[in-house]
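Residue-level structural notes
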Amino acid sequence: MIIFGNRVYDVKNLMKFCQGLHGGLDRVAKLLGIHPAVGKCHQAGSDSRLTWHVFEKLRVVYFNNGGKEDTLSEQYVGLEASNP
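The notes below deal with the structure included here. These numbers were taken from a predicted model, which means no experiment stands behind them.

Description of the packing of aromatic side chains
Per the stated rule, a full pass over the model turns up two aromatic pairs. Judged by centre distance (5.1 Å) and plane angle (35 degrees), the rings of Tyr-9 and Phe-55 are tilted. Note that Tyr-9 is positioned in strand β2 (residues 7-9) and Phe-55 in helix α3 (residues 44-61), a separation of 46 residues in sequence. Each member of the pair, Tyr-9 together with Phe-55, is buried. Their ring planes at 40 degrees and their centres at 5.7 Å tell us that Trp-52 and Phe-55 sit as a pair that is tilted. With Trp-52 and Phe-55 both in helix α3 and three residues apart, the pair spans about one turn of that helix. Ring pairing ties together the aromatic residues Tyr-9, Trp-52 and Phe-55, which thus form one cluster.

Reading the values: the criteria
Residues numbered from 1 in each chain as written. Predicted model: local features only at pLDDT ≥ 70, side-chain atom pairs only at ≥ 80, totals over all residues. Heavy atoms only, no water. Phe/Tyr/Trp six-rings, centres within 6.5 Å; stacked < 30°, edge-to-face > 60°. Helix = DSSP H or I, 4+ residues; strand = E, 2+ residues; numbered from the N terminus. Buried < 20%, exposed > 50% of the residue type's maximum accessible area, 1.4 Å probe, protein only.

What follows is the structure in structure tokens.
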């Protein structure tokens, strides 16, 4: 998840609206042409940085650098409401 200003975004949720993107963080980063940060894979610092770079690339490539993704903030994968 990314906190951007006063909004929270779930990158996994944003990916649902990006044609051809699926899988884990490393796979999506590779598809977007983002190289992992220096450091061990799956460590808090390097994964946080990679998540930020993926979010920024999603905004530029799929959401025209801002605006449309705002309607997708505060939506989290795995926390969808269900009807009883």
